[in-house]
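# Working through the structure, step by step
Read off the chains here:
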Amino acid sequence: MLRATYIRGPIIFRSLFVLPSLRFPPLRNMSHRPLQTLLNANEEWAQTVVKDTPDFFARSATCQNPKILWIGCSDSRVPESIITASKPGDIFVHRNVANQFHLHDDSALSVLSFAVKEVGVEHVVLVGHTNCGGAMACIEAAKVAATNPSASNPLTRWLSPLTALVRSLDLSACSANEALNKVVKANIIKQVDNICKSEPITTAWADPHAKKVTVHGWMYDLAEGRIKELVVRDSQA
Amino acid sequence: MSQLQSNAAEDLINANERWARDVIKHDPNFFKDSATYPQRPKVLWIGCSDSRVPASVVTASMPGDIFTHTNIANQFHSFDDNANSVLSYAVDPVGVKHVVLVGHSVCGGAQAAIQAAEEGPVEPHNPLTRWLVPLIQLVRTLDLHGLPENEAVDKVVEANVLKQVENICLSEPIVSAWATGNNVSVHGWVYDLATGRIRELVVRSPPRANL
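This one's a predicted model, so the numbers in the text were calculated from it and none came from an experiment. Position labels on residues start from 1 in each chain and follow its written sequence. Chains and ligands are labelled sequentially in the order written, the chains with letters from A and the ligands with numbers from 1. Local features are withheld for residues below a pLDDT of 70 in this predicted model, meaning they are given only at 70 or higher, and side-chain atom pairs are given and counted only at 80 or more; totals for whole chains, interfaces and linings count all residues. Note that water and hydrogens are dropped before the side-chain values are worked out from all heavy atoms of the structure.

## Description of the overall build of chain A
Secondary structure follows DSSP: runs of H or I at least 4 residues long count as helices, runs of E at least 2 residues long count as strands, and numbering of each begins at the N terminus. If you tally the helices and strands in chain A, you get 10 helices and 5 strands. Here chain A holds 237 residues, and 57% of them are scored as buried. Only heavy atoms matter for contacts: two residues are in contact if any of them lie within 4.5 Å across the pair. Taking all contacts inside chain A whose residues are at least 6 apart in sequence as the whole, residues at least 24 apart take part in 62%. As presented, chain A carries roughly 9900 Å² of accessible surface, and 56% of it is formed by carbon and sulfur atoms. Summary of the burial criterion: residues with accessible area below 20% of their type's maximum are buried, those above 50% are exposed, and those between are partly exposed, where the area comes from a 1.4 Å probe applied to protein chains only. A 1.4 Å probe and the Shrake-Rupley method give the accessible areas. Residues count as covered only by the protein chains that appear here.

Below, the structure is given as structure tokens:
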């Protein structure tokens, strides 16, 4: 099977990451790669990088200095570094089901804290996307009576804030697609709001000597491959 | 200063636009297909948030290949709804067949845990410290005496990968999958930043009775 891999970075690294682009197979055929293929692809990729820039990995091992923290969905169709043509070192990443930022979640909070205070990112981008399975699940869940979250399983508990958000929206006049898009957008706005209320951000914004951090809410449209900014917040707003 | 700072996020959106145009040039149906068909990745990657280990770049993968969860020091805590919900969703309904838990050399989380373990009892008063408590406890079980720093970090990174694989294998989604004949395999990998190579440390699959 011909596999086309097309990865580009900014101009200075373009030669590093462009692999011969042969054919772009339809997405539905690409998902049957065995694990060994991933390891082989890693080997090929590493060899290409070393051939083009022999000291890339040695330099990479000394430190990281990304300017961006990406909080996005685990969805396989939204790999942050591929869709932004980024290279290793560019983006600090946290991805989970339905790109959530819960104020009680140590996983996301520790990432945000480390990213802002230790790594020194300048932008936090919260990225939702169309056709989000998590959002779809919450639309369905919102149609039935609320259950006791503590009695349920991790996935149900994880999605309960989003299900509550769905219940607060008026989707009665919406088609299924419109409802999904409305939920995805409302979710992005809500998670950005949560991020702006978190300790790492409120502390950074209250400190005139702290590095400036801006929080963005983005939507990735799967059908177009394009990111659109929905909202941006900083210490002034 | 604000002009420079706003460029990093703008640059990303501009780069996305160029990438999307290039993709459409090569395959006009790529994005339409992506939106029409549900995702069917066969791999779940649980890795570190470290910017130097982007899953899809280091494995030269396409959108659609890898369901991804990343956090500080590639943890899988049994009590963490975040990671557990990803694993649960990945096994069913997404239907991955391989779970790869990926650690990496020069891990900042491992370094922080080594330092905290040397400093004595930990007061988990903030999310990051609380998050690292299991790793700090793991560090305390290892003999790192006399090891130079980078070797100590490597030892912790490897022990951490083995431990997280164990946690994954004990999790409800995997235990249920294996009990019902769904032979999802669980792999522990280490990505070496200095060489760009991944190597497999361990692979776990269902008990023989299910095969």
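## Focus: the environment of Leu 138 of chain B
One can find Leu 138 of chain B in helix H6 (residues 127-140). In sequence terms Leu 138 of chain B and Val 156 of chain B are 18 residues apart; their C-alpha atoms lie 8.1 Å from each other.

## Comments concerning the interface of chain B and chain A
Counting residues at the interface gives 77 residues for chain B and 89 residues for chain A. Roughly 7500 Å² is buried in total at the junction of chain B and chain A, and carbon and sulfur atoms are behind 61% of that figure. Salt bridge, as used here, is a side-chain nitrogen of Lys or Arg placed within 4 Å of a carboxyl oxygen of Asp or Glu. Our count for the contact surface shared by chain B and chain A stands at 4 salt bridges. Asp 106 of chain A serves as the salt-bridge partner of Arg 130 of chain B, at 2.7 Å between the closest nitrogen and oxygen. Polar contacts, as counted here, are pairs of nitrogen or oxygen atoms within 3.5 Å of one another; within protein the pair requires one atom able to donate a hydrogen and one able to accept it, and residues that are adjacent in sequence qualify only if both atoms are side-chain atoms. At the boundary of chain B and chain A, one finds 28 residue pairs in polar contact (both at pLDDT 80 or more). With 17 residues, the top contributor of residues to the side of chain B that touches chain A is helix H1 (residues 2-26) of chain B. Considered class by class, the residues forming the side of chain B that touches chain A number 37 nonpolar, 25 polar and 15 charged. Accessible-area loss on putting two parts together, using a 1.4 Å probe and summing over both, is the definition of buried area adopted here. We call Asp, Glu, Lys and Arg charged. Ala, Val, Leu, Ile, Met, Phe, Trp, Tyr, Cys and Pro are nonpolar, and the rest, Gly among them, are polar.

## Considerations on the packing of helix H7 (residues 133-143) of chain A against helix H8 (residues 154-167) of chain A
Residue and element names in this part refer to chain A. Where H7 meets H8, the closest approach of the two axes is 8 Å, and the angle between their N-to-C directions is 60°. Between H7 and H8 the crossing geometry is right-handed. Between H7, through Gly 134, Ala 135, Ala 137, Cys 138, Ile 139, Ala 141 and Ala 142, and H8, the contact on the second element is made entirely by Leu 159, Leu 162, Thr 163, Val 166 and Arg 167. Class assignment of the residues belonging to the contact of H7 with H8 gives a composition of 9 nonpolar, 2 polar and 1 charged. Every angle, taken between N-to-C directions, lies between 0 and 180 degrees, and every axis is a line fitted to C-alpha atoms, over only the stretch in contact when it is a helix. When the near helix sits turned anticlockwise from the far one by under a right angle, the crossing is termed left-handed; a clockwise turn instead gives a right-handed crossing.

## Quick notes on the UniProt feature "binding site: Zn(2+)" (unreviewed entry) in chain B
UniProt positions are given in the numbering used here, feature names are shortened, and annotations may be inferred rather than shown by experiment. Per the UniProt record, the feature "binding site: Zn(2+)" (unreviewed entry) sits at Cys 48, Asp 50, His 104 and Cys 107 of chain B. Despite a sequence span of 60 residues, these residues sit close together in the fold, their greatest C-alpha distance being 8.9 Å. In this fold, Cys 48 of chain B is placed in strand E1 (residues 43-48). Owing to a relative accessible area of 8%, Cys 48 of chain B belongs among the buried residues under this scheme. When sequence neighbours within four positions are dropped, the list of residues in contact with Cys 48 of chain B reads Thr 70, Asn 71, Ile 72, Ala 73, Asn 74, Val 102, His 104 and Cys 107 of chain B. Position of Asp 50 of chain B relative to the elements: it lies in the loop between E1 and helix H3 (55-58). Not counting the four nearest positions on each side in its chain, Asp 50 of chain B is found in contact with Gln 64 and Phe 92 of chain A together with His 104 and Val 106 of chain B.

## Regarding H6 of chain B
Each helix should span, by expectation, one fewer than its residue count multiplied by 1.5 Å. Under the 1.5 Å per step criterion, the end-to-end length of H6 of chain B is 20 Å for 14 residues, consistent within 8% with the ideal 20 Å. Working definition for bend: take the seven residues up to and ending at a residue and the seven starting at it, fit an axis to each, and measure the angle between the axes. Along H6 of chain B, the sharpest kink reaches roughly 45°, centred on Val 133 of chain B and followed within four residues by the proline Pro 134 of chain B. Those residues of H6 of chain B that sit buried are Leu 128, Trp 131, Leu 132, Leu 135, Ile 136, Leu 138 and Val 139 of chain B. Packed against the buried residues of H6 of chain B are helix H6 (106-119) of chain A together with strand E2 (66-71), helix H5 (108-118) and helix H7 (149-169) of chain B.

## Observations regarding the domain arrangement of chain B
Reports of interface size often rely on the accessible area that becomes lost once the parts have come together. Each domain's limits were defined by an automated method or a database of domain assignments. The domain architecture assigned to chain B consists of domain 1 (1-37) and domain 2 (39-210). The C-alpha centroid of domain 2 of chain B is placed 30 Å from the C-alpha centroid of domain 1 of chain B.

## Quick notes on the pattern of salt bridges
For the structure shown, the criterion picks out 20 salt bridges over all chains. Among the salt bridges present, the one from Glu 140 of chain A reaches Lys 143 of chain A, with a minimum N-O distance of 3.0 Å. Placement of the pair is Glu 140 of chain A and Lys 143 of chain A together in helix H7, with a separation of 3 residues, close to one helical turn. Two residues, Arg 226 of chain A and Glu 17 of chain B, come together in a salt bridge whose shortest N-O distance is 3.4 Å. Of this pair, Arg 226 of chain A sits in strand E5 (residues 226-233) while Glu 17 of chain B sits in helix H1, each in a different chain. Overall, Arg 226 of chain A belongs to the partly exposed group, its relative accessible area being 29%. Through salt bridges with shared partners, a single ionic network connects Asp 193, Lys 197 and Arg 233 of chain A.

## Some words on the confidence of the model for chain A
Summary of the metric used: pLDDT quantifies the predictor's per-residue confidence within the range 0 to 100. Averaged over chain A, the pLDDT score is 86; the fraction of residues at 70 or greater is 83%. Segment residues 1-32 of chain A is flagged for pLDDT under 50; beyond a separation of four residues in sequence, or across chains, it makes 84 contacts in the model.

## Re the side chain of Gln 64 of chain A
Within the secondary structure layout, Gln 64 of chain A lies in the loop between helix H4 (56-60) and strand E1 (68-73). On the accessibility criterion, Gln 64 of chain A (18% relative accessible area) is buried. Within the structure, the side chain of Gln 64 of chain A is placed 3.4 Å from the side chain of Asp 50 of chain B, a separation counted as a polar contact. Only 2.7 Å separates the side chain of Gln 64 of chain A from the side chain of Ser 51 of chain B, close enough to count as a polar contact. Among residues more than four places away in sequence, those in contact with Gln 64 of chain A are Phe 92 and Val 119 of chain A together with Asp 50, Ser 51 and Arg 52 of chain B.

## Considerations on the environment of Leu 162 of chain A
Residues and elements named next belong to chain A. Along the polypeptide, Leu 162 turns up in helix H8. The exposure class assigned to Leu 162 is buried, which follows from its relative accessible area of 1%. Expressed as a C-alpha distance, the spacing of Leu 162 and Glu 122, which sit 40 residues apart in the sequence, is 27 Å. Apart from residues lying up to four places away in sequence, Leu 162 is in contact with Ala 98, Gln 100, Gly 134, Ala 135, Cys 138, Val 183 and Asn 187.

## Looking at the pairing of E5 of chain A
All names here are of chain A. A pair of strands is treated as paired once DSSP finds two or more bridges between them. Bridging between strand E4 (residues 214-221) and E5 involves 7 bridges; their strand directions are antiparallel. If you follow Met 219 over to E5, its bridge partner there is Lys 228. The loop that links E4 with its antiparallel partner E5 comprises 4 residues; one of these, Gly 225, has a positive phi angle of about 75°.

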